[in-house]
Amino acid sequence: MTQTMATLLLFLVVVIVVLVLGRCPPPANETAYQKFLRQHYNKCGMGTKDCPSVMSKRCMGKPCKEKNSFVINTTPKQIQDVCGKGGKPLSGNLRQSTSPFEVLTCKRRASSVIGFDLDSLEVVAERRMRSKLEAIMDNFSHPLFDRLAGMKSTFSNRLIHPRCDRERYRRSFLPSAIRLYNASTLRLGRGNIDSDLFLD
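If you check an unreviewed UniProt entry, the protein chain appears there as ANG4 protein from Atractosteus spatula. Looking at the protein chain in UniProt, the text filed under Subcellular location (unreviewed entry) is "Secreted". Per UniProt, the protein chain carries the Sequence similarities (unreviewed entry) text "Belongs to the pancreatic ribonuclease family."

Quick look at the structure:
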């Protein structure tokens, strides 16, 4: 057997082992009640950050469900009681609990798919807004270039915040971007604090 064939055979063995051991089949002969407990019950408290690990351990990660709810901080007996005195008929075979349960809803996030945390939408939006403003300040052919150049503080690298008579304008791109730009400049320790930084 040549070295190439041996390497290929070893590779195939490794792939098969990974596929077999990496699978997470649900328990055999699982009853509907046991399946419910596995997929929708957690006796201890948990937060949304625990969702990926809990669902993975319970063979719910592949394929990952878009949304799943867990009843937490209760006991199986309290859940079973819904079928008796602890619940009332709803429709068909469904019953509604007469007492509230604490429920945590897990939602699929991109970070759970790619394997690392992503910035929140707010952080991404702020970063792009600040980047757009800086690009305008560097582009002398942009219509807002002269206006922004005239708003530069004489004491620091920050921009003088425009006066906003209306809330709608205050929340628009230019004032919002200037606030973000000034805040980032302040965090980086550029220059002194200006009174015009806080003008509205």
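A.B. asks: Could you give an account of helix 6 (residues 121–138), naming the residues involved and the relevant values?
C.D. replies: If you check helix 6, its first and last C-alpha atoms are 26 Å apart, about what 18 residues at 1.5 Å a residue would give, namely 26 Å. Considered for burial, the residues of helix 6 that qualify are Arg130, Leu133, Ile136 and Met137. Viewed end-on, helix 6 has its buried residues packed into an arc of 120°, placing them on one side of the element. Projecting away from the buried face of helix 6 at angles above 90 degrees are the exposed residues Leu121, Arg128 and Asp138.

A.B. asks: Give a detailed account of the state of the cysteines, specifying residues and quantitative values.
C.D. replies: By definition, a disulfide links the sulfur atoms of two cysteines through a covalent bond. Evaluated as defined, the whole model comprises one disulfide. Cys51 shares a disulfide with Cys106; S-S distance 2.0 Å. Across the disulfide from Cys51 to Cys106, rotation about the S-S bond amounts to roughly -75°, and the bridge is consequently left-handed. Within this pair, whereas Cys51 is found in helix 3 (residues 51–57), its partner Cys106 is found in strand 5 (residues 102–107), the two being separated by 55 residues in sequence. Comparing Cys51 with Cys106, the two get one shared label, buried.

A.B. asks: Go over the side chain of Ser153 with me, naming the residues and quoting the values.
C.D. replies: Looking at where Ser153 falls in the secondary structure, it is placed in the loop between helix 7 (145–149) and helix 8 (167–170). In terms of polar contacts, Ser153 uses its side chain to reach the backbone amide nitrogen of Phe155, at 3.1 Å.

A.B. asks: Pulling in residues and values, what's your account of the environment of Phe173?
C.D. replies: As for its placement among the helices and strands, Phe173 is situated in helix 9 (residues 173–187). Classification of Phe173 as partly exposed rests on a relative accessible area of 31%. Sequence separation between Phe173 and Lys132 is 41 residues; the distance between their C-alpha atoms is 9.8 Å.

A.B. asks: So, the pairing of strand 2 (residues 67–72): which residues are in play, and what are the values?
C.D. replies: Within a regular strand, the side chains alternate between the two sheet faces. As judged from the two bridges shared by strand 1 (residues 41–42) and strand 2, these two strands associate in the parallel manner. Paired with Tyr41 across the two strands is Val71, which belongs to strand 2. Summarising the sheet, strand 2 and strand 5 pair through six bridges and their orientation is antiparallel. From the neighbouring strand, Asn68 faces strand 5, where its bridge partner is Cys106.

A.B. asks: How would you explain the nonpolar core if you had to name every residue and give the values?
C.D. replies: By size, the foremost hydrophobic cluster in this structure holds ten residues: Leu133, Ile136, Met137, Leu148, Met151, Leu159, Leu174, Ala177, Ile178 and Tyr181. Per element, the largest residue contribution to this core is four residues, and it comes from helix 9. Not counting chain neighbours up to four residues away, the residues in contact with Met151 comprise Arg158, Leu159, Ile160, Pro162 and Ile178. Of all hydrophobic cores here, the second largest spans nine residues; its members include Met55, Ile72, Leu104 and Cys106.

A.B. asks: Can you lay out the environment of Met137 for me, pointing to particular residues and giving the numbers?
C.D. replies: Looking at where Met137 falls in the secondary structure, it is placed in helix 6. By relative accessible area, which is 14% here, Met137 ends up buried. In sequence terms Met137 and Ala149 are twelve residues apart; their C-alpha atoms lie 7.3 Å from each other. If we ignore the near neighbours within four places in the chain, the residues touching Met137 are Phe145, Leu148, Lys152, Leu159 and Tyr181.

A.B. asks: Could you give an account of the layout of surface pockets, naming the residues involved and the relevant values?
C.D. replies: The computed volume of the second largest pocket comes to approximately 400 Å³. Surrounding the second largest pocket, 15 residues form its lining, Phe36, Ile79, Val82, Cys83 and Arg95 being those nearest its centre. Among the residues making up the lining of the second largest pocket, the classes are represented as nine nonpolar, five polar and one charged.

A.B. asks: Give a description of helix 2 (residues 32–40) that names residues and reports values.
C.D. replies: Buried residues of helix 2: Leu37, Arg38 and Gln39, and no others. Summarising the contacts, the buried residues of helix 2 are in contact with strand 1, strand 2 and helix 4 (76–80).

Cut-offs and rules
- Residues numbered from 1 in each chain as written.
- Predicted model: local features only at pLDDT ≥ 70, side-chain atom pairs only at ≥ 80, totals over all residues.
- Heavy atoms only, no water.
- UniProt positions renumbered as here; feature names shortened; annotations may be inferred.
- Helix = DSSP H or I, 4+ residues; strand = E, 2+ residues; numbered from the N terminus.
- Expected span 1.5 Å × (residues − 1).
- Buried < 20%, exposed > 50% of the residue type's maximum accessible area, 1.4 Å probe, protein only.
- Arc of directions from axis to C-beta.
- Disulfide = S-S within 2.5 Å.
- Polar contact = N/O pair within 3.5 Å; in protein donor to acceptor, adjacent residues only side chain to side chain.
- Pairing = 2+ DSSP bridges.
- Core = buried A, V, L, I, M, F, W, Y, C linked by side-chain atoms within 4.5 Å.
- Contact = heavy atoms within 4.5 Å.
- 1 Å grid on protein atoms, 1.4 Å probe; cavity = no way out; pocket = protein on both sides within 12 Å on 5 of 7 lines; lining within 4 Å.
- Points joined across faces, edges and corners; volume = space filled by probe spheres on them.
- Nonpolar A, V, L, I, M, F, W, Y, C, P; charged D, E, K, R; others polar.

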